[in-house]
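# Breakdown of the fold
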Amino acid sequence: MKNDELLEKCRDFVQQLREQWSRARNENGADIVYEQIIVKEVSPNGFHELLMGIDELVQKSGVQIDQNILLVDCSFLVFKEKLSFPNFDYGISFKKSEFKREVELKGKVIKGSVDFSEAIFADKADFSHSHFYKTLNLNAAVFPQRDLTGKENFLVADFSWTKFEKDLILQNAIFQGDAHFRHAKFLGDTNFIRIGFPPPAIADFSNACFEKKLLFHPRNFGQEAGGKENQYIFEEGDFKSSAVFEATLNNVEFSKAKFFETASFGGCSFYGIAKFNGTSFGKFADFRSANKAKMEFKEACFNGKTEFFGNSQPVVMDFTKAYFAQAPHFREGGLHPNTKIRKAQFAGFATEDDYQNYRILKRECARIHAREEENIFHYCEMRTLAWLYISHPRSIFLGIISYLYFCISRYGQGPFQALFVLVGLMAIFSCIYANYPVDIILHQGASIEWAKGINTGILYTVQNIVYPFSQFGQKGIIEAKTGALAVLGVFQSLTFFTIFGLFILAVRRRFRKGSE
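Scope of this entry: the structure provided in the associated data block. (Residues numbered from 1 in each chain as written. Predicted model: local features only at pLDDT ≥ 70, side-chain atom pairs only at ≥ 80, totals over all residues. Heavy atoms only, no water.)

Turning to the environment of Lys185, a few remarks are in order. As for its position among the elements, Lys185 is in strand β20 (residues 185-186). In this structure Lys185 comes out as partly exposed when scored by relative accessible area, which is 33%. Along the sequence, Lys185 and Phe159 sit 26 residues apart, while their C-alpha atoms lie 9.7 Å from each other. If sequence neighbours within four positions are ignored, Lys185 has contacts with Thr162, Lys163, Phe164, Cys209 and Glu211. (Helix = DSSP H or I, 4+ residues; strand = E, 2+ residues; numbered from the N terminus. Buried < 20%, exposed > 50% of the residue type's maximum accessible area, 1.4 Å probe, protein only. Contact = heavy atoms within 4.5 Å.)

Here you go:
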């Protein structure tokens, strides 16, 4: 069809619209008239002019047409040259069409729906930097593995910096080469169901933003069986609503991503390496999956409930410098001996679940002989128990005792803290004794030449350590003149040996930790 024939067809079409619109308005007050242009044969240049002509003539006609009503139907066509078209306000369909060369939609503003369902692309499709106000349908579309020169695994589809106001339909689409969705913005619900990325294709969603719910359920091409593996990249992605991943994923990259709601990976099987370094998780993170990958969570931030207890076999996990606002939940036998928790921070000490989870983690670390981590979770368990005691009036006394245990030795974790408390208490008792009447009394066989010039308060303090309960025997060289001071000396002895026992326990834990 020649270009002038296309333009003539446009003019006829607009004239029909005028007549139908006027008739419909006179009959029932309707302002919208359904129309469809069916294009049977068109060259790329003619197609471009057709769209330009329709858009211009319809606007000049003054006919009110909704973008959802006017549809340009280019189904079942074969485009042998590069295809591009201008900004277009109305719907257009390329259903089951075939594109022998590149399809170029870069930087366009498309206000109507675009349908590429079941289309076949032989070269790159460039949708980057465009703005789709309506649905973009790529259902069952097929993208090639190589370009026309024979280069394999090239970029077959580019959606970088593209904005989707409504749905992007990718069900059953096959990307045999790389597909980029970098910095793309998805404002509607996004369902990647049965989408195909056969190895070694790479799906890159880095810096993408998902404003509403995401369901990512690509096809399984048996990546776990071996061979060159594909990658799914969501690095620095923003997931503003819940995100559900149900897939077999190889070498996935979620580093520095942000999940504001639920992040569910319970239906995933990870292989290779799964990286979540620096990732921030919101209300709930679910990793109850059959993993066979090494999982990295270095400097990750878990701001809500986190579950890891679904693994059938423990896998290596790295939580170096990670932060947990609540205690993570692992099942019994769920920790691999090479799991790293060094310098991780745990802040969840408020609920019964936190207590049970820390208790499980402590037992798991003991099972795999991870003494340092066992000490960490012992501290977390005791801290949570103290909080639970204090929260209930009937057990507040136990809570106070537990809190004192924390202040003295950090639940047996701080030998230097316990030693500092010991020295501090000795100084306090020495000051008290120095201001109360105590006498140096020479008992039989005792010599006090060495004690001349030494403060009697210090001597009495040391005596209560070396000779506890000396006021009730004849071994001491210092004797209190008042019963109250004698009782205080007994209290000092009890306190000293209690704290000294905690100091020995903390030193023992430190040596156990260092010997592993």
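Further remarks concern unusual backbone geometry. Residue Pro200 follows Pro199 across a cis peptide bond; omega there is 10°. Within the fold, Pro200 resides in the loop between β21 (190-193) and β22 (202-204). Located in the positive-phi region is Asn251, a residue other than glycine, with phi close to 50°. Its place among the elements puts Asn251 in the loop between β28 (248-250) and β29 (258-259). Overall, Asn251 belongs to the partly exposed group, its relative accessible area being 22%.

Strands pair in a sheet through their backbones, by hydrogen bonds, and they do so in one of two ways: parallel or antiparallel. The sheet built from six strands is open, its strands ordered β21-β24-β27-β30-β34-β37 with parallel pairing. Strands at the two margins of the open sheet, each flanked by one partner only, are β21 and β37 (305-307). Averaged over all adjacent pairs, the angle separating strand axes in this sheet is 5°, with direction ignored. Of the strand pairs in this sheet, strand β30 (residues 262-264) and strand β34 (residues 284-286) are connected by three bridges, and their pairing is parallel. Its bridge partner lying in β34, Ser264 is registered against Asp286. (Pairing = 2+ DSSP bridges. Axes fitted to C-alpha atoms, helices over the stretch in contact; angles between N-to-C directions.)

Quick look at the sheet that holds strand β19 (residues 178-180) now. Strands sit in the order β4-β7-β11-β15-β19-β22-β25 across an open sheet of seven strands; the sheet is parallel. Both edges of this open sheet fall to β4 (83-84) and β25 (231-233), since each of them pairs with a single strand only. Alignment of strand β15 (residues 155-158) against β19, held across three bridges, turns out to be parallel. Counterpart to Ala157 in the pairing with β19 is Ala179.

All right, on to the nonpolar core then. The biggest cluster of nonpolar side chains holds 95 residues, and the ones touching the most others in it are Phe116, Phe175, Phe245, Phe265 and Phe297. Residue assignment for this core shows that the elements contributing at least two residues are β15, β24 (214-217), β27 (243-245), α3 (352-367) and α4 (371-391). When neighbours within four sequence positions are excluded, Phe265 is seen to be in contact with Phe245, Phe254, Phe259, Phe270, Phe276, Phe281, Asp286, Phe287 and Ser289. (Core = buried A, V, L, I, M, F, W, Y, C linked by side-chain atoms within 4.5 Å.)

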